[in-house]
Amino acid sequence: MRLRRSLLLPLSATLASSLTACSFEPPLRVPETPAKVPFTAHPAPGKTVASAGSNGRAQEMAYGKDLDQQWWTLFHSRTLDAVIRQALKNSPTIAQAQAQLRQAEATARVNASIFYPQVTGTLGANRSKQSSAAFGGNKGGFYYTLFTGSVGVTYYPDIFGVNRLVYRGSEAQVAYQRYELEAARLTLTGNIVNTAIGEAAVQAQIAATRAIVAREQTLLDLTENQYRAGAIPYLNVVNQRAQLATQMATLPQLEQQLAVYRHEMAILVGSFPGQWQEKPFTLEDLSLPTRIPVSLPSEVVKQRPDIQAALNQLKAANAQIGIARAQFYPTVALSASFGDTASTVGMFFNPISSVWSLVGGLSQPLFEGGKLEAQKASAYAAYDASFNAYRNTVLTAFQQVANALRALEHDAQALAAQQESLQAAREALTLAQSSYRAGATDYLSLLTAEVQYNTAKIAEIKAEAQRYQDTAALLVALGGGWWNTPAGDHAVADKTTVSREAGPDHGSHS
C-alpha cells in the first residue's frame, strides 16, 4: 500500500498541476463581418414584378426571416423530394464525407488517450544456462528458470498544454468534417435541383420545338398547294422547306441535352446511367416559391457550412501555433512499474520477490539547427493562409447571395418582357397566317412572323427556367436551412457562434 501511494501521489500532483498549466495558444481571431452590412450596394427589392402565367407570379423577399425547412421543399415537387431522398442515401459523395468524418472522430479519440496514464502488463518465463567459466569453475555450467511479471504505468503531464492543443486541433478537424458533410449535402441537393430544372426546361423546349415543326409542316403543305395553284413562286416552297429543316435540326441537339441531364441525375443519385429509372421533370411539376426567407447577413455567416468549415480550419491552425511555441519548452515523462521476479512459481507471489521502479524524466531542446523556429514560422504562415481562406469564403458567400438577389429581380423583369414579346409574336403570326391564306400579304412577312414567334417561345421557356434556377441559387447561398433539420437526419444539430474580432496581430503572439 505504501508503494501504491508512492506511485499515485506524484501522478496525482502532476495531473493537478497540469490542469492549471499555461497554454501557448494565442487567442482566436477571425476577420470582422460588419453587423449591418447589406448584401448589395443598392437596396435589394422587397418584391419582384409579376407577369402572366402561373410561373410569372411576384416573389417576395422576407428579409430577416429564417428558412425553417429543407430548402428544396419550397418547390412543392414530390418527384424532386423523392430523388433527393434517394441521392442523400446513395450518393458516393455523401458516403465519402461521412467516412472522412468518422476518420476525424477516430483520430480525436486517439489524441484524447494522451490525457490518461498508459498501463502495460507483461508476463514472461525464461529458462537459461549460465557458464561456470565466467566464475572460475570448470564444470559444465548451471541452469536456472526465471519467472517475471510486472505492471508499468507511463504518464506525460500536460504542463505546457501541448496535449490539450493537439486534442483541440483534432476537435476542430472533427467539426470541420461535420460542416464539410453539410456542405456536401447542400452542394448535392443544389446540383440535383439545377439538373431537374435544366431537364424540365429542355423538355419544354423539345415540346415547343415539336409544336413549331408541326406548324411549319402545315405551312409547308399550304405553300406547296399555293404553288401548285400558280399563286406563288417556287422560291417560297424552297424557303419554307429550309425553315422546316432548320427547326427539325434543333431537335437532336435538345435530345442530347436531355440525355446529358438524365445521365448527370443518375450519377448524382449514385446510379449508373443505364440503371437509372427515369423520373421525368417538367416545369409544371415545380411551383415557384413566392415568399423567400432571406437571413440577415450576420446570420448567413453562421448558417453557411462552408464558412463554418473554414472557421474550424482556422481554429486548428491556431492550435498548431500553440504546439509549435510549446516545443521550445521541456517535456516531462513519468513512469512506474511494479512486479515480481522469482526462480520458481511458488516464490513468484512471495513479498521478497517483488520489484518496482519509479522514474521521472525531463527533456529540453538545446540545439536543433533552427528546426523549432522554422516550425513556428510555418505554423504562423499556415494560420495566415487559413485566415485569408476564411475571409475569401465569407466574401464569396456574400457575393453569391447578392448575385442571386439581383438575379431574381432581373429574372422577373426578363420573364415579363419575354411573355409580352411572345404574346405580340403570337398575334403577329396569327395575323400573318390569315393574311397569307387570303393572299393579302407576301411570304416574306409570314416567314418573318414565324421566326419571331419561334424565337420568342424558346426565349420565354429559358427565362422561366432561369428564374427557377436563380431561386434555387439564392436558397443554397443562404445555407439551405440544414440547421432546422432534425438532428437524426443531419450531422450538425446546432449553429456555431462566430467570434467577431479584429484580424490576427502576430505581434501579440510572442
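Quantities reported herein were computed from a predicted structural model and do not represent experimental measurements.

Reading guide: rules and limits
- Residues numbered from 1 in each chain as written.
- Predicted model: local features only at pLDDT ≥ 70, side-chain atom pairs only at ≥ 80, totals over all residues.
- Heavy atoms only, no water.
- Helix = DSSP H or I, 4+ residues; strand = E, 2+ residues; numbered from the N terminus.
- Buried < 20%, exposed > 50% of the residue type's maximum accessible area, 1.4 Å probe, protein only.
- Contact = heavy atoms within 4.5 Å.
- Areas by Shrake-Rupley, 256 points an atom, 1.4 Å probe, with all protein chains shown as cover.
- 1 Å grid on protein atoms, 1.4 Å probe; cavity = no way out; pocket = protein on both sides within 12 Å on 5 of 7 lines; lining within 4 Å.
- Points joined across faces, edges and corners; volume = space filled by probe spheres on them.
- Nonpolar A, V, L, I, M, F, W, Y, C, P; charged D, E, K, R; others polar.
- Core = buried A, V, L, I, M, F, W, Y, C linked by side-chain atoms within 4.5 Å.
- Salt bridge = Lys/Arg side-chain N within 4 Å of Asp/Glu carboxyl O.
- Phe/Tyr/Trp six-rings, centres within 6.5 Å; stacked < 30°, edge-to-face > 60°.
- Axes fitted to C-alpha atoms, helices over the stretch in contact; angles between N-to-C directions.
- Parallel < 35°, antiparallel > 145°, perpendicular 65-115°, else oblique.
- Left-handed = near helix turned anticlockwise from the far one by under 90°.
- pLDDT = per-residue confidence, 0-100.
- Pairing = 2+ DSSP bridges.
- Expected span 1.5 Å × (residues − 1).
- Patch = residues over 30% accessible without salt bridge, like charges linked within 9 Å, V, L, I, M, F, W, Y side chains within 5 Å.

## Brief notes about the overall build of the protein chain
Line of reasoning, step 1. Summing up its helical and strand segments, the protein chain has nine helices and six strands in all.
Line of reasoning, step 2. Put simply, the protein chain has 510 residues, and 42% of those count as buried.
Line of reasoning, step 3. For the protein chain, the share of sequence-separated contacts (at least 6 apart) that also reach a separation of at least 24 residues comes to 83%.
Line of reasoning, step 4. Counting only carbon and sulfur atoms, one obtains 56% of the accessible surface of the protein chain, whose full area is about 26,400 Å².

## Some details on unusual backbone geometry
Line of reasoning, step 1. Positive phi values are uncommon outside glycine, yet His76 reaches one of about 55 degrees.
Line of reasoning, step 2. Relative to the assigned elements, His76 resides in the loop between β1 (60–63) and α2 (78–90).
Line of reasoning, step 3. On the basis of relative accessible area, His76 is assigned to the exposed category, the value being 58%.

## Considerations on empty space enclosed by the protein
Line of reasoning, step 1. By the definition in use, this model includes two cavities of 30 Å³ or more.
Line of reasoning, step 2. The volume enclosed by the second largest cavity comes to roughly 50 Å³.
Line of reasoning, step 3. If you go around the second largest cavity, the residues you meet are Ile212, Arg215, Glu216, Leu219, Leu429, Gln433, Glu450, Tyr453 and Asn454.
Line of reasoning, step 4. Take the lining of the second largest cavity: its biggest share by element is four residues, from helix α4 (residues 162–228).
Line of reasoning, step 5. When the residues that make up the lining of the second largest cavity are grouped by side-chain class, the tally is four nonpolar, two polar and three charged.

## Section: the nonpolar core
Line of reasoning, step 1. One finds Trp71, Phe75, Leu80, Ile192, Val193, Tyr390 and Leu474 to be the most contacted residues of the largest nonpolar core, which totals 70 residues.
Line of reasoning, step 2. If sequence neighbours within four positions are ignored, Phe75 has contacts with Leu80, Val193, Asp285, Leu286, Ser287, Pro289, Tyr468, Thr471, Ala472 and Leu475.
Line of reasoning, step 3. Counting 13 residues, the second largest nonpolar core, distinct from the first, contains Leu219, Ile232, Tyr443 and Leu447.

## Focus: the pattern of salt bridges
Line of reasoning, step 1. Scanning the entire structure with this criterion turns up 13 salt bridges.
Line of reasoning, step 2. A salt bridge links Arg185 to Glu182, with the nearest nitrogen and oxygen atoms 3.3 Å apart. With a gap of three residues between them, Arg185 and Glu182 both fall in helix α4, about one helical turn apart. The burial state of Arg185 is the same as that of Glu182; both residues are buried.
Line of reasoning, step 3. Connected via shared salt-bridge partners are Glu224, Arg228 and Arg241.

## Focus: the packing of aromatic side chains
The description of an aromatic ring pair rests on the distance of the ring centres and on the angle between the ring planes.
Line of reasoning, step 1. Under the counting rule described, the total for this entry stands at nine aromatic pairs.
Line of reasoning, step 2. Cluster of aromatic residues (ring-pair linked, three or more members): Trp71, Trp72, Phe75 and Tyr468.

## Things to note about the packing of helix α8 (residues 371–437) against helix α9 (residues 443–477)
Two quantities define a packed helix pair, namely the angle between the helix axes and the distance between the axes.
Line of reasoning, step 1. In the contact formed by α8 and α9, the axes pass within 7 Å of each other and the chain directions differ by 160 degrees. By the criterion of interaxial angle, the relationship of α8 to α9 is roughly antiparallel. Here α8 and α9 pass one another in a crossing that is left-handed.

## Considerations on the confidence of the model for the protein chain
Line of reasoning, step 1. Averaged over the protein chain, the pLDDT score is 83; the fraction of residues at 70 or greater is 88%.
Line of reasoning, step 2. Counting interchain partners and residues more than four positions distant, the pLDDT-below-50 stretch residues 1–21 has 23 contacts.
Line of reasoning, step 3. Across residues 491–510 the pLDDT falls below 50, and counting only partners more than four positions away or on other chains, this stretch makes 54 contacts in the model.

## Regarding the sheet that holds strand β5 (residues 331–342)
Line of reasoning, step 1. Ordered in space as β2-β3-β5-β6, the four strands form an open sheet in which the pairing is antiparallel. Both outer strands of the open sheet, β2 (118–130) and β6 (354–363), are each paired with one neighbouring strand and no more. Neighbour to neighbour, the strand axes of the sheet diverge by 20 degrees on average, direction disregarded.
Line of reasoning, step 2. Pairing between strand β3 (residues 142–155) and β5: nine bridges, direction antiparallel. Its bridge partner lying in β5, Tyr155 is registered against Leu334.

## Some points on the environment of Thr93
Line of reasoning, step 1. In this structure, Thr93 sits in helix α3 (residues 92–112).
Line of reasoning, step 2. Under the relative-accessibility criterion, Thr93 is labelled partly exposed at 44%.
Line of reasoning, step 3. Residues Thr93 and Val269, 176 residues apart in the sequence, show an inter-C-alpha distance of 9.7 Å.

## Some thoughts on α4
Line of reasoning, step 1. Here α4 contains 67 residues, and its C-alpha end-to-end distance of 96 Å stays within 8% of the 99 Å for a straight helix at 1.5 Å per residue.
Line of reasoning, step 2. Once α4 ends, the next one or two residues include Gly230, with phi positive near 80 degrees.

## Considering a nonpolar patch on the surface
Line of reasoning, step 1. Taken together, the side chains of Tyr227, Tyr234, Leu235 and Val238 make up a nonpolar region of the molecular surface, amounting to roughly 370 Å² of accessible area.
Line of reasoning, step 2. Sorting elements by how many residues they give to the nonpolar patch places helix α5 (residues 234–268) first, with three residues.
Line of reasoning, step 3. Within the secondary structure, Tyr227 sits in helix α4.
Line of reasoning, step 4. Here Tyr227 falls in the partly exposed class, since its relative accessible area comes to 37%.

## Considering the packing of α4 against α9
Line of reasoning, step 1. Viewed as axis vectors pointing N to C, α4 and α9 meet at an angle of 170 degrees, and their least axial separation amounts to 9 Å. When the interaxial angle is binned, α4 and α9 end up roughly antiparallel.
Line of reasoning, step 2. Across the contact of α4 with α9, the residue classes break down as 17 nonpolar, eight polar and five charged.

## Focus on the environment of Gly480
Line of reasoning, step 1. Of note, Gly480 is situated in the segment after α9.
Line of reasoning, step 2. Using a relative accessible area of 6% as the deciding quantity, one classes Gly480 as buried.
Line of reasoning, step 3. Along the backbone, Gly480 and Thr189 are 291 residues apart, and their C-alpha atoms lie at a distance of 9.2 Å.
Line of reasoning, step 4. In contact with Gly480, not counting residues within four places along its chain, are Leu67, Gln69, Gln70, Trp71, Leu186 and Leu475.

## Observations regarding helix α7 (residues 305–326)
Line of reasoning, step 1. Its 22 residues give α7 an end-to-end C-alpha distance of 32 Å, which sits within 8% of 32 Å, the value for a rise of 1.5 Å per residue.
Line of reasoning, step 2. Burial of α7 is extensive: 18 of the 22 residues sit out of reach of the surface.

## What about the side chain of Asn163?
Line of reasoning, step 1. For Asn163, the location among the structural elements is in helix α4.
Line of reasoning, step 2. The buried category is assigned to Asn163, whose relative accessible area is 13%.
Line of reasoning, step 3. Apart from the residues lying within four places of it in its own chain, the contact partners of Asn163 are Ile114, Phe115, Tyr156 and Asp158.

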